[in-house]
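Structural overview
Letter by letter, the chains look like this.
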Amino acid sequence: MKKALITGITGQDGSYLSDLLLEKDYEVYGIIRRSSSFNTGRIDHVYEDPHVPNRRLTLMYGDLSDSGCLSSILNRIQPDEVYNLGAQSHVRVSFDTPEYTSDVVGMGTIRLLEAIRHCGIKPKFYQASSSEMFGKVMEVPQTEKTPFYPRSPYGVAKLFGYWATVNYREAYDLFACNGILFNHESPRRGETFVTRKITRAAARIKLGLQETLYLGNLDAKRDWGFAKDYVEAMWLMLQQDRPDDYVIATGETHSVREFVEEVFSYLELNWEEHVEIDPRYLRPTEVDLLIGDPSKARRQLNWQPKVTFRDLARIMVDADLGLAEQEKAAGKRLTW
Ligand code: NAP
Ligand code: F7E
């Protein structure tokens, strides 16, 4: 039975990846942070679903800012595969906490790679690289060969992690891959990322729980896919004969305004009556346009996205309508 170690297991992607790996009969080990409130909401279903053998999921406390804990976890588990998904992943917040973001996202990757290098075996390594590294894009669409131009402390730190991964592959012959993933969303998406913020608010507006949605730049364009499709690409990268880097995207781009229109029209609401612009949500430097070219992943991994832009919006709205109905019945705000 293969063993996988996941940093960031409590996040959107960590939860979908652990579902996938458990289905594939892996023993899954996840690093979680100590928190003053519960932070395992996205993986609790593993323990509740009688069809999922939860004894194969083990959670351990740790942090990407603590090299000692990373080494001892690696030495103890001796995993076959390591997925580095842990991050302060919010771009806007990275302008408020640039040093912390760089430490966890950039240095955290080096700490984990060093722990791998010294753990006595050579696990395969997946690095959660990001389309934010393309930033002020030098080419449209973006491919594995497009030069980088990050526009935020988050993007800069991800670029450090990207190159660290390439360097450890070349210097130490590690099976290390960068997945350059474009934005991917789901009902498990954090509520402060724009798609979920929109679907969550629109569902609450529909049920009369909220009146207004405050947003920032409606003109930004993103290549949005479905998170469940994207974690499959992570796993596929580590099943190849050779380590490599891959763009994972849909090849389509839409503005934030288009996403708002899609969601509100599905709910038969007029978005212009509910959306207001709040400059607090603007960024000092913006990434205006992202659109990825996933043809290498299609060719070499036989991967392609299954969920369209419209279906993604609908999957998220349907889930958030369910949550809003529960909130209405409970008379208070809920998560999940
Ligand atoms: P997410 O929902 O924000 O999850 C981030 C995870 O990292 C959470 O489990 C979080 O723990 C953990 N974490 C935060 N700080 C940590 C630290 N100091 N040490 C250890 N773990 C820490 O992010 P996601 O959307 O699942 O994304 C997964 C990864 O892919 C991230 O690295 C992100 O930057 C990258 N990425 C995401 C996208 C996207 O569109 N989603 C695209 C490209 C790349 P808590 O639950 O305790 O906060
Ligand atoms: O913003 C605009 C905002 O925060 C998307 C992370 O997963 O994907 C994500 O980063 C766009 C931006 O995602 C609001 O200015 C307008 O142009 O949902 P987001 P992101 O910054 O693209 C990449 C690939 C990652 O790697 C990251 O980890 O939407 N926008 N109004 C807004 N954004 C937010 N959050 N909130 C607003 O009110």
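Residues numbered from 1 in each chain as written. Chains lettered and ligands numbered in written order. Predicted model: local features only at pLDDT ≥ 70, side-chain atom pairs only at ≥ 80, totals over all residues. Heavy atoms only, no water.

Right, let's get into the pattern of salt bridges. Considering all chains together, one arrives at 21 salt bridges under this definition. Close ionic contact of Asp103 with Arg111 constitutes a salt bridge, the shortest N to O distance being 2.6 Å. Since its relative accessible area comes to 24%, Asp103 is described here as partly exposed. Among the residues examined, Arg111 registers a relative accessible area of 16% and is labelled buried. A salt bridge links Arg117 to Glu114; its shortest N-O distance comes to 2.8 Å. Pair noted here: Arg117 and Glu114 are both in helix H5 (residues 98-117), with a separation of three residues, about one helical turn. Where salt bridges share partners, they join Glu191, Arg200, Arg204, Glu327 and Arg333 into one cluster. (Salt bridge = Lys/Arg side-chain N within 4 Å of Asp/Glu carboxyl O. Buried < 20%, exposed > 50% of the residue type's maximum accessible area, 1.4 Å probe, protein only. Helix = DSSP H or I, 4+ residues; strand = E, 2+ residues; numbered from the N terminus.)

This part takes up the packing of helix H1 (residues 12-23) against helix H8 (residues 227-237). Two numbers describe how H1 lies on H8: the axes approach to 9 Å, and their chain directions differ by 65 degrees. Here the hand of the crossing between H1 and H8 comes out right-handed. Between H1, through Gln12, Asp13, Tyr16, Leu17, Leu20 and Leu21, and H8, the contact on the second element is made entirely by Ala227, Lys228, Val231, Glu232, Met234 and Trp235. Class assignment of the residues belonging to the contact of H1 with H8 gives a composition of eight nonpolar, one polar and three charged. (Axes fitted to C-alpha atoms, helices over the stretch in contact; angles between N-to-C directions. Left-handed = near helix turned anticlockwise from the far one by under 90°. Contact = heavy atoms within 4.5 Å. Nonpolar A, V, L, I, M, F, W, Y, C, P; charged D, E, K, R; others polar.)

The topology assignment puts Leu289 in the loop between strand S13 (275-277) and helix H10 (295-301). On the basis of relative accessible area, Leu289 is assigned to the partly exposed category, the value being 25%. Through-space distance from the C-alpha of Leu289 to that of Arg222 is 6.1 Å; in sequence the pair is 67 residues apart. Among all residues touching Leu289, those that are not within four sequence positions of it are Val137, Val140, Gln142, Lys221 and Thr253.

With that out of the way, let us pick up the nonpolar core. Counting residues in each nonpolar core, the largest one holds 35 residues, and the members touching the most others are Leu17, Leu21, Tyr83, Tyr126 and Ile248. Among the elements of the structure, strand S1 (3-7), H1, strand S2 (27-32), strand S5 (124-130), strand S6 (176-181), H8, strand S11 (246-248) and H10 are those that each provide at least two residues to this core. Considering every element that reaches this core, the biggest residue donor is H8, with eight residues. With residues near it in sequence (within four places) discarded, Leu21 still touches Ala4, Ile6, Tyr26, Val28, Tyr83 and Trp235. Judged by nonpolar contacts, the second largest core, of 28 residues, contains Ala203, Phe259, Trp271 and Ala324. (Core = buried A, V, L, I, M, F, W, Y, C linked by side-chain atoms within 4.5 Å.)

A few words now on the state of the cysteines. Throughout the structure, instances matching the rule amount to zero disulfides. Cys69 carries a free sulfur, and the closest cysteine sulfur to it, the one in Cys119, is 14 Å from it. (Disulfide = S-S within 2.5 Å.)

Moving on, we get to the packing of aromatic side chains. Tallied over the entire structure, the rule returns eleven aromatic pairs. Consider the rings of Trp224 and Phe309, whose centres lie 6.3 Å apart with planes at 25 degrees: the pair is stacked. With a gap of 85 residues between them, Trp224 in the loop between strand S9 (221-222) and strand S10 (225-226) and Phe309 in helix H11 (residues 309-330) connect regions that are remote in the sequence. For the pair formed by Trp224 and Phe309, the shared burial category is buried. Grouped by ring-pair contacts, the aromatic residues Phe134, Phe148, Tyr162, Trp163 and Phe182 constitute a single cluster. Over the face of the ring belonging to Phe175 we find Lys124, whose NZ or CZ atom lies 4.5 Å from the ring centre. (Phe/Tyr/Trp six-rings, centres within 6.5 Å; stacked < 30°, edge-to-face > 60°. Lys NZ or Arg CZ within 6 Å of the ring centre and 35° of its normal.)

What follows is about the domain arrangement of the protein chain. You can read the domains of the protein chain as domain 1 (3-185 + 225-248) and domain 2 (194-222 + 252-291 + 307-329). Taken over C-alpha atoms, the centre of domain 1 sits 27 Å from the centre of domain 2. Contacts between domain 1 and domain 2 engage 19 residues on the former and 15 residues on the latter. Roughly 1,600 Å² of surface becomes buried between domain 1 and domain 2 when both sides are summed, with 61% attributable to carbon and sulfur atoms. Summed over the three residues of domain 1 that lose the most area to domain 2, namely Arg92, Arg151 and Glu185, the buried surface amounts to 33% of that side. (Domains from an automatic or database assignment. Buried area = accessible area lost by both parts, 1.4 Å probe.)

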